[in-house]
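Secondary and tertiary structure notes
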Amino acid sequence: MDKLIIAIDGFSSTGKSTLAKLLAKELGYIHIDSGAMYRAITLYAIENGMFSDGKIIESELVPQLHFMDIHFELNTKNGKNEIFLNGENVEEKIRQMEVSSKVSLIAKIAEVRNYAVDLQRKMGEKKGIVMDGRDIGTTVFPNADLKIYLSASAEERAMRRYEELLKTEHPATYDEVFKNISERDLIDSTREISPLRKADDALIVENGNLSPQQTLQKVMKIIKELKNLN
Ligand code: CDP
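Residues numbered from 1 in each chain as written. Predicted model: local features only at pLDDT ≥ 70, side-chain atom pairs only at ≥ 80, totals over all residues. Heavy atoms only, no water.

Thoughts on the pattern of salt bridges
One pass over the structure, following the stated rule, counts 14 salt bridges. Between R134 and D188 there is a salt bridge, with its nearest N and O atoms 3.3 Å apart. You can see R134 sitting in the loop between β8 (129-133) and α6 (136-140) and its partner D188 sitting in helix α8 (residues 174-190), a full 54 residues away along the chain. Side by side, R134 and D188 carry an identical accessibility label, which is buried. The partner of R161 in a salt bridge is E164, and the shortest N-O contact between them spans 3.0 Å. Taken as a pair, R161 and E164 lie in helix α7 (residues 154-166) at a separation of 3 residues, close to a single helical turn. The exposure class of E164 is partly exposed, given its relative accessible area of 41%. Linked through salt bridges whose partners overlap, the residues forming this network are D33, K80, E91 and R95. (Salt bridge = Lys/Arg side-chain N within 4 Å of Asp/Glu carboxyl O. Helix = DSSP H or I, 4+ residues; strand = E, 2+ residues; numbered from the N terminus. Buried < 20%, exposed > 50% of the residue type's maximum accessible area, 1.4 Å probe, protein only.)

Now the structure itself:
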């Protein structure tokens, strides 16, 4: 069977990137974290003073989009496909709260979405890709071979992200994390362009009480069944 395009969508901190990374490893595919691209653009806007009173100055950011070099490189030490912004590895910087608190404002700008979606589609041209985000099954790859919609409660999601951040140089309190993911959930699911929603043909995987390995096994079973059908 040909290589697949696998789309994983869901709210913040549902474990999309963890599952996508494990699946890509298991299948020998490429993992693309589409959220990292929106985060990198947000970091660029912050570092270049493009926010005023907490609002993005779109007329400054939009003309810069096509001069940005955003790409991924596989780190062979940790097996992670890491994001680079204009030659700098920004994988850690883009996870800071400051970026998290602004990224959904950037991700709802039409020009930003067009730019990111074009890049994402190019990355999927050769198939053999697992991409995670909010609109992968609905907008980026509406013909994806498999669409997974991951789901978990807001409390479980906030706890996961809080614990992840504790291991970094930029920890945050549980309350800050909970507030941030609730705000992003709202903006991401109500924005005008490509809001987060389950694609009609996506399979819901509830993973609130599953370990990453258990979620992987569950999805690998679905993939094996899919391959047997073809
Ligand atoms: O990891 P987490 O769930 O916190 O979010 P992320 O995947 O890193 O995405 C960060 C933000 O980028 C989201 O809250 C969305 O605003 C935006 N995003 C999007 O609009 N479309 C995507 N395909 C992926 C992310």
